[in-house]
Amino acid sequence: MGLQTRLTELLDIEHPVMLAGMGGVSYSALVAAVSEAGGIGTLGASTMGTDELKAEIAAVKAATAKPFGVDLLTALPGQVEAGVQAVADGGARIFVAGLGVPREVIDLLHSRNVLVGSMCGKVRHAVSAVASGVDFVVAQGTEGGGHTGTVATMALVPQVVDAVGGKVPVVAAGGLFDGRGLAASMALGADGVWIGT
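If you're wondering where the values come from, they're calculated on a predicted model, not measured in any experiment. Position labels on residues start from 1 in each chain and follow its written sequence. It should be noted that, the model being predicted, local features are given only for residues of pLDDT at least 70 and side-chain atom pairs only at 80 or more, the latter also being counted only at that level, while totals for whole chains, interfaces and linings use all residues. Side-chain measures here rest on the full set of heavy atoms in the structure, leaving out hydrogens and waters.

Visitor: I'd like to hear about the overall build of the protein chain, residue by residue, with values.
Guide: For the purposes of this entry, the term helix denotes a DSSP run of H or I that reaches at least four residues, the term strand denotes a run of E that reaches at least two, and both are numbered from the N terminus. Tallying secondary structure elements over the protein chain gives 8 helices and 8 strands in all. The globule rule is 2.2 Å times the number of residues to the power 0.38, and the radius of gyration it is compared with is taken over C-alpha atoms. Relative to its length of 197 residues, the protein chain is compact, with a C-alpha radius of gyration of 15 Å against a globular reference of 16 Å. Each principal axis of the C-alpha atoms in the protein chain carries an extent, and together these give about 40 × 35 × 25 Å. The rule is simple: take the accessible area with a 1.4 Å probe, protein chains only, and divide by the maximum for that residue type; under 20% is buried, over 50% is exposed, in between is partly exposed. By residue count, 51% of the 197 residues in the protein chain fall in the buried class. Of all intrachain contacts in the protein chain linking residues separated by at least 6 positions in sequence, the fraction that spans at least 24 positions is 53%. Whether two residues are in contact is decided by their heavy atoms: any pair within 4.5 Å suffices.

Here it is in C-alpha cells:
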C-alpha cells in the first residue's frame, strides 16, 4: 500500500505522485506507465491538435485501466471546447490547465465526472482557482519550467497550503524529482507532488 493523502483518495491512486503534463514529452506510453505504477499520468496536450489528443487518450486507455489525466497548458478559445470534449469522451479522470480554467469549463468537466486542477504560481491564483470550483491546485514554483511565475517552490507551497489547503488538496511542483522532494513537500503541507523532471 502506498502513502495515503487527500490526493490519493481524490484520484483513487496508490502513491501521491502525478506525472507533469509536459508538452512534447508526456505521451501515452509514459502516462500509462506512471498510472500503472500507482501514480497518475497526465498527457501533455498543449502541443496536440484534437485528433492527436483523441488518439493519445485512446492509446492510454488501451494500455491501462488506471486513472489518468490531460493537461492543456492554456485554456485557449476553441482548443478548450474541443479538448474538453475529447478529455471527457475519452475517459480521463482529471483535467489540468496552467493559465486558469474558466468556471463554465469547470462546470462542464464536473458534469462529465472529470476532476479539475489548476497550476498556480502565486497565492492569489490559487485562491481564484478554488473560488472557481477546482478540485485541487498545483502550487508550481518557478523551477517548474517558469510557466507560472517567479516564486520558488519552497516559498510558494506553504503559502498556498495556508491559503487554500483547508478547502482542496495542494500538490507541490517545481524542481522535485525524487523521494526527498516528496518528503519535503509533505512537510510543507502538500498532499502530493507533480513531477516533470
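This is not the end of the story, as more comes after the structure.
Visitor: Describe in detail the sheet that holds strand β1 (residues 17-19), supporting the description with residues and values.
Guide: Picture the strands of a sheet paired through backbone hydrogen bonds; they go either parallel or antiparallel. By this definition, two strands are paired if DSSP reports at least two bridges between them. Across the sheet, 8 strands lie side by side as β1-β8-β7-β6-β5-β4-β3-β2; this open sheet has parallel pairing. Every other strand in the sheet has two partners, leaving β1 and β2 (41-44) as the edge strands with one partner each. Each adjacent strand pair in this sheet contributes to an overall mean axis angle of 25°, direction not counted. Relative to strand β6 (residues 136-140), strand β5 (residues 115-120) runs parallel, the two being bridged by 4 bridges. Note on β6: the bridge partner recorded for Cys120 is Ala139. Note on geometry: axes are lines fitted to C-alpha atoms, helical ones only across the stretch in contact, with angles between N-to-C directions running from 0 to 180 degrees. Against the sheet, helix α6 (residues 123-132) touches β5 and β6, its axis set at about 165° to β5.

Visitor: So what's going on with the side chain of Ser35? Residues and values would help.
Guide: In this structure, Ser35 sits in helix α2 (residues 28-36). Non-local contacts of Ser35, meaning those with residues more than four positions away in its chain, are made with Ile40, Gly41, Thr64, Lys66, Pro67 and Phe68.

Visitor: Go over the environment of Leu109 with me, naming the residues and quoting the values.
Guide: For Leu109, the position within the fold is in helix α5 (residues 103-111). Spatially, the C-alpha atom of Leu109 lies 6.9 Å from that of Ala88, the residues being 21 residues apart in sequence.

Geometric descriptors of this kind do not, in isolation, establish any biological role.
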